[in-house]
Amino acid sequence: MNKNIESVLTESRVFAPPPAFVAQARLKAQDLEALHRRAAADPQKFWADLARTEIAWHKPFTVTLDDSAAPNFRWFTDGELNVSYDCLDVHLERNADRLAILFEGEPGDVRKLTYRELHAEVCRFANALKARGIGRGDRVVIYMPLVPEAVVAMQACARIGAIHSVVFGGFSALSLKERIEDAGARCVITADGGRRGGNIVELKAATDKALAEGCASVDTVYVLRRTGTAIPMKCGRDLWWHEAVAAQADVCEPEWVDAEHPLFLLYTSGSTGRPKGIQHASAGYLLGAKLTTRWVFDLRRDDVFWCTADVGWITGHSYVAYGPLAAGATLVMYEGAPTYPDGGRFWRICEQHGVTVFYTAPTAIRAFMRWGTEWPAAHDLGSLRLLGSVDRKSTRL
């Protein structure tokens, strides 16, 4: 490699956090060392202890690790749980009125959902799915803008044991078609459109195009009215979200599933060939998402947590849809582009909503650097206490 290029790619500086921050951290250096010692001494006991503490089991597990088919390892195999129950119901007794989702749309509209309200929305939509015969083991593709209903749809699938596969809303009709057909999806959940950079992304039009070219397994399409764009609706197949949930009860008993029951499929971007679907199991994934949200981001009760990732990526699954909710946090969602209407949008959101933990991608950080310091300097960012980023490789599943 050319030395000049290599020098740009090599970074050896270390930026230590301020001593006051270290002193207040929930997980201190000695705590981390103790965790490492416990994990090294007995890995199975380490994870078993955490799983028993952090997950509300419907049926407790007795088998921690089944390695009989290694390298296909199976964790907590005889236990039963429901991921939606662990993200929502567990908070209702003591923290039902705690803010769960704080949403800002690109036009500036703001919605707030408490854990009680989010639980009711999830149950209503879960019942709507069940009304169409969708249930345990069925595959559901979600192709939506980054709005609260995207999380509601994911949690509703988990609640009834359906397996969701989220497709990033910026992908084409062809990309959507490939993923629907590979998953054998029965249902697609989409919107009339989404907003990005001042434009409307025509999600329903792309869905119709994908289904017109194949996808014979699909018999149901739910459509969220987000932009008010005029769209065709196919009789017998297409249902408006608001009409489907209108008569549904706000209670839906969770479907208890095995620990290794598939929670979701997520496909690679396809940039190096045909997209490949990766399956994630319920218990192990939930445990990892919850603990890393708490440990890595030093999460505490009064935090307002904002991961800017779209739920179409693994980062958005773990640190928008599942980890923060399992940990009982308040999370921020923003629908649009960081540049709309100008380069200060992210900083205005941080200021207006009191964001304390801000987690974003290197791509965004490089853009901020290009735009200069004038945008963040124009806003009061005193609420921010922790900034997070991620290696590019780990954001691409």
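Up top is the structure these notes are about.
The text that follows walks through the structure, step by step, so that each part is easy to find. (Residues numbered from 1 in each chain as written. Predicted model: local features only at pLDDT ≥ 70, side-chain atom pairs only at ≥ 80, totals over all residues. Heavy atoms only, no water.)

### Observations concerning the sheet that holds strand β5 (residues 110–114)
Then, in step 1: Pairing is mixed across the open sheet formed by 6 strands, whose spatial order is β5-β4-β17-β16-β18-β19. Both edges of this open sheet fall to β5 and β19 (386–388), since each of them pairs with a single strand only. Strand-to-strand, the axes of this sheet are offset by a mean angle of 15°, without reference to chain direction.
Then, in step 2: For strand β18 (residues 357–359) and β19, the ladder comprises 3 bridges, and the chain directions are parallel. Looking at β19, one finds that Y359 is bridged to G388.
Then, in step 3: Its contacts with the sheet put helix α13 (residues 314–326) on β4 (99–104), β16 (304–307), β17 (330–334) and β18, and the angle it makes with β16 is roughly 160°. (Pairing = 2+ DSSP bridges. Helix = DSSP H or I, 4+ residues; strand = E, 2+ residues; numbered from the N terminus. Axes fitted to C-alpha atoms, helices over the stretch in contact; angles between N-to-C directions. Contact = heavy atoms within 4.5 Å.)

### What about unusual backbone geometry?
Then, in step 1: Geometrically, the link from A70 to P71 is a cis peptide bond, its omega value of 10° lying close to zero.
Then, in step 2: In this fold, P71 is placed in the loop between β1 (65–66) and β2 (74–75).
Then, in step 3: The linkage connecting Y340 with the following residue, P341, adopts the cis geometry, with an omega of -5°.
Then, in step 4: Topologically, P341 is positioned in the loop between β17 and α14 (345–353).
Then, in step 5: Of note in this structure, F76 is not a glycine but carries a positive phi near 55°.
Then, in step 6: Inspection of the secondary structure assignment puts F76 in the loop between β2 and β3 (80–81).
Then, in step 7: Judged by relative accessible area, which is 2%, F76 ranks as buried. (Buried < 20%, exposed > 50% of the residue type's maximum accessible area, 1.4 Å probe, protein only.)

### Quick word on the pairing of β16
Then, in step 1: In β16, alternate side chains face the same way, and those of V304 and W306 on one face and F305 and C307 on the other are all buried.
Then, in step 2: Handedness of the crossover joining β16 and β17 through α13 is recorded here as right-handed.
Then, in step 3: Relative to β18, β16 is paired through 3 bridges, and the arrangement is parallel. Note that in β18 the partner of F305 across the bridge is V357. (Right-handed = clockwise from strand over helix to strand, strands pointing away.)

### Notes on the packing of aromatic side chains
Then, in step 1: Here the structure, examined in full by the defined rule, presents 25 aromatic pairs.
Then, in step 2: Ring centres of Y319 and Y359 lie 5.8 Å apart, and the angle between their planes is 80°; on these two criteria the pair is classed as edge-to-face. In this pair, Y319 is assigned in helix α13 and Y359 in strand β18, connecting sequence segments 40 residues apart.
Then, in step 3: The exposure class of Y359 is buried, given its relative accessible area of 5%.
Then, in step 4: Ring geometry for W347 versus F368: centroids 5.0 Å apart, planes at 55°, classification tilted. Within this pair, whereas W347 is found in helix α14, its partner F368 is found in helix α15 (residues 362–371), the two being separated by 21 residues in sequence. Both residues of the pair, W347 and F368, count as buried.
Then, in step 5: Joined through ring pairs, the aromatic side chains of W306, Y334, F346, W347, F358, F368 and W371 make up one cluster.
Then, in step 6: Across from the ring centre of W240, 4.3 Å away, lies the NZ or CZ of R225, which sits over that ring. (Phe/Tyr/Trp six-rings, centres within 6.5 Å; stacked < 30°, edge-to-face > 60°. Lys NZ or Arg CZ within 6 Å of the ring centre and 35° of its normal.)

### Some points on the pattern of salt bridges
Then, in step 1: If you walk through the whole model with that rule in mind, you get 22 salt bridges.
Then, in step 2: Notably, a salt bridge pairs D208 with K204, separated by 2.8 Å at the nearest N-O pair. Here D208 pairs with K204, and both are found in helix α10 (residues 203–212), just 4 residues apart, close to one helical turn.
Then, in step 3: Among the salt bridges present, the one from R237 reaches D208, with a minimum N-O distance of 3.1 Å. Of this pair, R237 sits in the loop between β11 (220–224) and β12 (238–240) while D208 sits in helix α10, and the two are 29 residues apart along the sequence. (Salt bridge = Lys/Arg side-chain N within 4 Å of Asp/Glu carboxyl O.)

### Describing the nonpolar core
Then, in step 1: F125, L129 and I189 are the most contacted members of the largest nonpolar core, which has 100 residues in total.
Then, in step 2: Of all the elements, helix α8 (residues 148–160) adds the most residues to this core, at 9 residues.
Then, in step 3: Excluding its chain neighbours within four sequence positions, the residues that come into contact with F125 are V152, A153, A156, I189, Y222, W241 and V245.
Then, in step 4: Of all hydrophobic cores here, the second largest spans 14 residues; its members include V304, Y334, C350 and F358. (Core = buried A, V, L, I, M, F, W, Y, C linked by side-chain atoms within 4.5 Å.)

### Observations concerning the pairing of β11
Then, in step 1: Of all 5 residues making up β11, 5 are buried, and the element is well covered by its neighbours.
Then, in step 2: Here β11 shows a buried face lined by T220, Y222 and L224 and a second buried face lined by V221 and V223.
Then, in step 3: As paired strands, strand β8 (residues 187–191) and β11 are joined by 5 bridges and run parallel to one another. Across the sheet, the residue bridging to A191 is L224, located in β11.
Then, in step 4: Note: β11 against β12, 3 bridges, orientation parallel. Looking at the pairing, Y222 lines up with L239 of β12.

Function cannot be inferred from these measures alone, as they are strictly geometric.
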